[in-house]
Amino acid sequence: MASTTSHTSASHGVTHDDHHHHEPGFFQKYIFSTDHKVIGIQYGLSSLAFLFFGFLLMMAMRWQLAYPGKAIPVLGALFEKALGTDMAQGGVMQADLYNSFGAMHGTIMVFLAIVPLAFGAFGNYVTPLQIGAPDMAFPRLNMASFHLYFLGGVVMLGSFFIPGGAAKSGWTSYSPLATLADPVNVIDGQTLWLVGMVLLITSSLLGAVNFITTIIQLRARGMTWMRLPFFVWAQFVTAFLLLLAFPPLEAAGLMQLADNVLGTSFFLPTGLVTSAGQVPVSGGGSPLLWQHLFWFLAHPEVYVLILPAMGVVSEIIANNTRKPLWGYRSLVYAVLAIGFLAFIVWAHHMYMTGMGTKIATFFQTTTMMISVPSVIILSALFISLWGGSIRFNTPMLFALAFLPMFGIGGLTGLPLGLNATDLYLHDSYYVIAHFHYVVAPGTIFGLFAGVYYWYPKITGRMMNETFGRIHFWGSLVFMNLIFSPMFIQGIRGMSRRMYDGGATYFQDGVGADPGLLKLNVSITHAAFGLALFQLPFIFNFFWSISNGKKVTSDNPWEATTLEWQTPTPPPHGNFTSEPVVYRGPYEYSVPGAKKDFTPQGQPG
Amino acid sequence: MDIPYTVKPRPDTGLYNAKVGIWLFLASEVMLFGAFFSAYILLRVTAQHGFWPDVADGWPHGLLNIPIGTFNTAVLISSSVTVVMAWMALKENNFPKFRNFMIFTVACALGFLGIKTFEYKEKFSHYVIRTTDGKVVTGHLDVDGKSPLFWNLDTVKSKNIEKLKVEVDIPNKYRFPVGMHVPEDIHKAHAEGRHHDEKEIEVSQIESLKAFIPSTHPFFAIYFTMTFLHGLHVLGGALVLAYFTFIGTDLWKTNPEQFTNRIEVGGLFWHFVDLVWIFLFPVVYLL
């Protein structure tokens, strides 16, 4: 992709800095680039690679859940060789390996795949273009963000290969478990997890400062706040969430790091005893403190995962229904409301900690409140479809599927937000099904839609429609076959953390329900099906770089927003002349207009 | 390609980019230190009775050197004043004056860090000792006229010491939380100007011996973590200010407005570092 970028931009070559133009070398152009588009692509490629890697971890775990104690085909021998016999004796996944894959699947998917793809890649590439800016406000800071992110990823991946393996206390890393999981090793997986997290958090903070400054300061002439595309609003609120929610986790991470390395007791209570006897620490710490600080980030993080996808979906729906988004202002106010409320719902993850009924009541009230703006957004997007002459291309199919999938994910969250029902459903497969509906067929579908939609702007070529449709229908079917049975398993009481899929639970016939275990097998088969249907996407993604249908104009989707009024791909500095904005972002099918779309930059 | 508003403010926001950026960054810093202060509160209110020896609320009091802390606060506040004076000097187009004020600012930063280092060392060589008869004392060790750091009971035993000389502290009144009775003999000792008692403790009688290091008590854990993190901020700020004072001065000749902006942004960060200390000092030293 990178080579095409340089190739075609040369043909457009009308940039503002021709007078001091010099040809940068490979490293300066692709590794140490300060161009937001190159950085966006760097984020995109790395996060897609991490997405694939996180998916592989899950596949190995799914095998173990369906066929506990059986050697993993193909990868089992590799695991034994690379990670040691303790982890995968004879190619069979051991409990420690399952735990570390589980923790790292969550960590990688959230912090190294989805957020960098949604915020780092799409945010970087599209936001400055949509507001008519030549670049981000702080280009070098932007480069530093990516490098810190990459370094964080390397530390996370490296942690698999140290003695004791990667972190194995869940992506939530609850203390005291996280501190005591690897008592033998001085530098253990958890320590590297924390170091990696501090790097990733720093990267996100720099990114957030950069995004907000860019959106406040670098909007083109005429680009007033209410003329911003909804995608930019979503990125703006996301950046604020990252900016203000991440630092407490950084603090918590530093404290847990001190617990691991210096022997402090921030999160270790007095009188802590393990199978090895009394833990030799001062005690006096509070495990609850970790959970508060962790969820203070991790709940807003949910909105960091979902809001950019909502932004992408809004752009694509407006473009493909050929009519304005219904209720643009309500969408903006709703996304701002989500931004505020996201900070006061975190303890609904902690009903089981016994923090008290009064606190639980407070948080269940705020949790119900935050569902209101979420429903407003979803409803506005649904109503936007009404009466449109919809173009069913691949990005639109993914965007349309996002709506019901996110709807299911959101609505099934309500029983978890209510104290009484959560006490029963907590830590069961129901929870997994709920948040995966939000993030996997929800956010990831939104992001796939974005890849198909902006691909022609980035490469100058369309992705193949047929492969796109195969990818879409296969993913839609198998995503649902994977996650909907988990609701049943969860409601029937299956705990989410059993490394053998519950086999030990059922073997003595007590409470035996073979049906639940059979679901494990069918879910695993569905997961393999999902993997199969990602192959057309991977092939399409690389093949179309040089073989896709060439775009005939800079605006192949006939869209209104500014990124389509740049050359394809946009040169360094983005715009050939200073962009000026005359109208709102979604002027489709304006009565009396010559065409069914009126770009933001069109005067009159 | 030039990015707009790097030097001149954008008309509708009235701000240049870096000023927006630094305020946002400071917002995230508020959340970072806010989390540590919250952690402090939670750890303190959940401390159990007797968790620190002889103190009802289980939380150590009066172990830090208040006069030195006060002096350090004054040092940091002075530097916060001079950093503004330096910026004003640039506005007056008076570079030598800027440089003098900035040198004073950076010197204050280094002074602060030096004093903090001294305080740290004083804590690392300070011990809490519990003997088998249930008594607890705090104080510095005296091993051949030296005051060792980071020892524990194993270190003492490995040195084949039989009797340990300890300069036992006579607690100051801050060791006793409000409402707690201060014993008469302590008043008397202070009236006589005595602050230490030389004592010899049989090593075989010692049950535990711990230095004032993070793992000894959550108070030390949070004290060292917060002050260390704050110290890193002081160091970072001082490096940036020193860079503009000594090395990066060419920008003043080529683009004085941008240079002045950078000093303003650096100064904003410096004020924040100062502000954190103004919260930190009463919380860990006085309360």
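The structure displayed is predicted, hence computed values, not measured ones.

How each quantity is defined
Residues numbered from 1 in each chain as written. Chains lettered and ligands numbered in written order. Predicted model: local features only at pLDDT ≥ 70, side-chain atom pairs only at ≥ 80, totals over all residues. Heavy atoms only, no water. Helix = DSSP H or I, 4+ residues; strand = E, 2+ residues; numbered from the N terminus. Rg over C-alpha atoms; globule rule 2.2 N^0.38 Å. Contact = heavy atoms within 4.5 Å. Areas by Shrake-Rupley, 256 points an atom, 1.4 Å probe, with all protein chains shown as cover. Lys, Arg positive; Asp, Glu negative; His and termini not counted. Charge placed at Lys NZ, Arg CZ, Asp CG, Glu CD. Buried < 20%, exposed > 50% of the residue type's maximum accessible area, 1.4 Å probe, protein only. Domains from an automatic or database assignment. Buried area = accessible area lost by both parts, 1.4 Å probe. Salt bridge = Lys/Arg side-chain N within 4 Å of Asp/Glu carboxyl O. Pairing = 2+ DSSP bridges. Axes fitted to C-alpha atoms, helices over the stretch in contact; angles between N-to-C directions. Core = buried A, V, L, I, M, F, W, Y, C linked by side-chain atoms within 4.5 Å. Patch = residues over 30% accessible without salt bridge, like charges linked within 9 Å, V, L, I, M, F, W, Y side chains within 5 Å. Expected span 1.5 Å × (residues − 1). Bend = angle between axes of the 7 residues up to and from the residue. Phe/Tyr/Trp six-rings, centres within 6.5 Å; stacked < 30°, edge-to-face > 60°. Lys NZ or Arg CZ within 6 Å of the ring centre and 35° of its normal. Polar contact = N/O pair within 3.5 Å; in protein donor to acceptor, adjacent residues only side chain to side chain.

**Structural notes on the overall build of chain B**
And then number 1: The helix and strand tally for chain B stands at 8 helices and 5 strands.
And then number 2: The C-alpha atoms of chain B give a radius of gyration of 24 Å, which is well past the 19 Å a tight globule of 287 residues would have.
And then number 3: Its C-alpha atoms give chain B principal-axis dimensions of about 75 × 40 × 40 Å.
And then number 4: The contacts of chain B with a sequence gap of at least 6 include a subset with a gap of at least 24, amounting to 74%.
And then number 5: Carbon and sulfur atoms provide 62% of the accessible area of chain B, an area that totals close to 13800 Å².
And then number 6: Counting 25 positive and 27 negative side-chain charges, chain B places the centres of these two groups 5 Å from one another.

**A word on the overall build of chain A**
And then number 1: Helix and strand counts for chain A come out as 20 helices and 2 strands.
And then number 2: Compactness check: chain A gives a C-alpha radius of gyration of 24 Å against a globular reference of 25 Å for 604 residues, within 12% of the reference.
And then number 3: Over its C-alpha atoms, taken along the principal directions, chain A stretches across nearly 75 × 50 × 50 Å.
And then number 4: Of all 604 residues assigned to chain A, the portion counted as buried reaches 62%.
And then number 5: Of all intrachain contacts in chain A linking residues separated by at least 6 positions in sequence, the fraction that spans at least 24 positions is 79%.
And then number 6: Distance between charge centres in chain A, computed from 27 positive and 26 negative side chains, equals 10 Å.

**What to know about the domain arrangement of chain B**
Residues and elements named next belong to chain B.
And then number 1: Once the domains are mapped, chain B shows domain 1 (17-37 + 61-122 + 216-286) and domain 2 (125-213).
And then number 2: Roughly 1100 Å² is buried in total at the junction of domain 1 and domain 2, and carbon and sulfur atoms are behind 58% of that figure.
And then number 3: Three residues, H61, E122 and T216, lead the burial of domain 1 against domain 2; their summed loss comes to 46% of the area buried on that side.
And then number 4: On the surface where domain 1 and domain 2 come into contact, there are 0 salt bridges.
And then number 5: Put simply, the parts of the chain that give the side of domain 1 that touches domain 2 at least two residues each are helix 3 (95-124) and helix 6 (218-247).

**Regarding the sheet that holds strand 5 (residues 206-211) of chain B**
Residues and elements named next belong to chain B.
And then number 1: With respect to topology, 5 strands assemble into an open sheet ordered 4-3-2-1-5, the strand pairing being antiparallel. Unpaired on one side and paired on the other, strand 4 (196-202) and strand 5 mark the two borders of the sheet. With strand direction ignored, the average angle separating the axes of adjacent strands in the sheet is 40 degrees.
And then number 2: Note: strand 3 (residues 163-169) against strand 4, 7 bridges, orientation antiparallel. For K163, the partnering residue across the bridge sits in strand 4 and is E202.
And then number 3: Relative to strand 1 (residues 126-131), helix 3 is tilted by about 15 degrees, and along the sheet it contacts strand 1, strand 2 (136-141) and strand 5.

**Things to note about the side chain of N261(B)**
And then number 1: Relative to the helices and strands, N261(B) resides in helix 8 (residues 256-286).
And then number 2: Sequence-distant contacts of N261(B), defined by excluding residues within four places in its chain, comprise T6(B), V7(B) and Y16(B).

**Quick notes on the nonpolar core**
And then number 1: Ranked by size, the top nonpolar core spans 265 residues in total, and within it F101(A), L307(A) and I222(B) carry the most contacts.
And then number 2: When residues of this core are assigned to their parent elements, the largest contribution, 21 residues, is made by helix 5 (residues 95-131) of chain A.
And then number 3: When residues of this core are sorted by domain, at least three fall in each of domain 1 (17-37 + 61-122 + 216-286) and domain 2 (125-213) of chain B.
And then number 4: The residues contacting I222(B), other than those within four sequence positions of it, are M255(A), F266(A), F36(B), A39(B), Y40(B), L43(B) and W59(B).
And then number 5: One finds L141(B), W151(B), V166(B) and V168(B) within the second-largest nonpolar core, a separate group that totals 17 residues.

**Digging into a nonpolar patch on the surface**
Residue and element names in this part refer to chain B.
And then number 1: On the surface, a cluster of nonpolar side chains totalling about 600 Å² of accessible area is made up of I77, V81, M85, M88, L275, I278 and F279.
And then number 2: Elements with a minimum of two residues in the nonpolar patch: helix 2 (66-91) and helix 8.
And then number 3: For the nonpolar patch, the element with the most residues is helix 2, which contributes 4 residues.
And then number 4: Relative to the assigned elements, F279 resides in helix 8.

**Re helix 5 of chain A**
All names here are of chain A.
And then number 1: Over its 37 residues, helix 5 runs 50 Å from end to end, which matches the ideal 54 Å to within 8%, given 1.5 Å per residue.
And then number 2: Where helix 5 bends most, at P116, the angle is about 55 degrees.
And then number 3: Burial analysis of helix 5 places 33 of its 37 residues in the buried class, which makes it a mostly covered element.
And then number 4: Count one or two residues on from helix 5 and you reach G132, which has phi positive near 75 degrees.

**Side note on the packing of aromatic side chains**
And then number 1: Taken as a whole and judged by the stated rule, the model has 80 aromatic pairs over all chains.
And then number 2: Each ring, one from Y453(A) and one from W454(A), has its centre 5.1 Å from the other, and the planes form 70 degrees; the classification is edge-to-face. The same class applies to Y453(A) as to W454(A), namely buried.
And then number 3: Ring pairing ties together the aromatic residues Y40(B), W52(B), W59(B), Y120(B), F124(B), F150(B), F212(B), F219(B), F220(B), Y223(B) and F224(B), which thus form one cluster.
And then number 4: Note that R219(A) overlies the ring of W225(A), its terminal NZ or CZ placed 4.2 Å from the centroid.

**Considering the pairing of strand 3 of chain B**
And then number 1: Summarising the sheet, strand 2 of chain B and strand 3 of chain B pair through 3 bridges and their orientation is antiparallel. The residue of strand 3 of chain B that forms the bridge with G139(B) is V168(B).

**Some points on the interface of chain A and chain B**
And then number 1: Taken together, the contact pairs 40 residues of chain A with 36 residues of chain B.
And then number 2: Counting each side, the surface lost to burial between chain A and chain B is near 3100 Å², with a carbon and sulfur contribution of 74%.
And then number 3: Our count for the chain A to chain B interface comes out at 0 salt bridges.
And then number 4: Joining chain A to chain B, the criterion identifies 6 residue pairs in polar contact (both at pLDDT 80 or more).

**A short note on the side chain of D274(B)**
Residue and element names in this part refer to chain B.
And then number 1: Mapped onto the secondary structure, D274 falls in helix 8.
And then number 2: Put simply, D274 is tucked away with no salt bridge, and the nearest opposite charge, on K116, sits 13 Å away.
And then number 3: Among residues more than four places away in sequence, those in contact with D274 are L76, I77 and S80.

**Details of helix 2 of chain B**
And then number 1: With 26 residues, helix 2 of chain B should reach 38 Å at 1.5 Å per residue; the first-to-last C-alpha distance of 38 Å fits that figure.
And then number 2: Immediately downstream of helix 2 of chain B, the backbone of N93(B) shows phi near 65 degrees, a positive value.

**Regarding the pattern of salt bridges**
All names here are of chain A.
And then number 1: Going through the model one piece at a time under the given rule, you end up with 18 salt bridges over all chains.
And then number 2: Here R496 makes a salt bridge to D427, at a shortest N to O gap of 4.0 Å. Taken as a pair, R496 in the loop between helix 17 (465-491) and helix 18 (503-507) and D427 in the loop between helix 15 (419-425) and helix 16 (429-459) lie far apart in primary sequence, 69 residues in all.
And then number 3: Look at D427 and you get partly exposed, because its relative accessible area is 28%.
And then number 4: Sharing partners across several salt bridges, the network here consists of D427, R496 and R497.

**Focus: unusual backbone geometry**
Residue and element names in this part refer to chain A.
And then number 1: The omega angle of the peptide bond from S175 to P176 is 0 degrees, so this bond is cis rather than trans.
And then number 2: Note on placement: P176 falls in the loop between helix 6 (139-158) and helix 7 (177-180).
And then number 3: T568 connects to P569 through a cis peptide bond whose omega is -15 degrees.
And then number 4: With respect to the helices and strands, P569 occurs in the segment after helix 20 (535-547).

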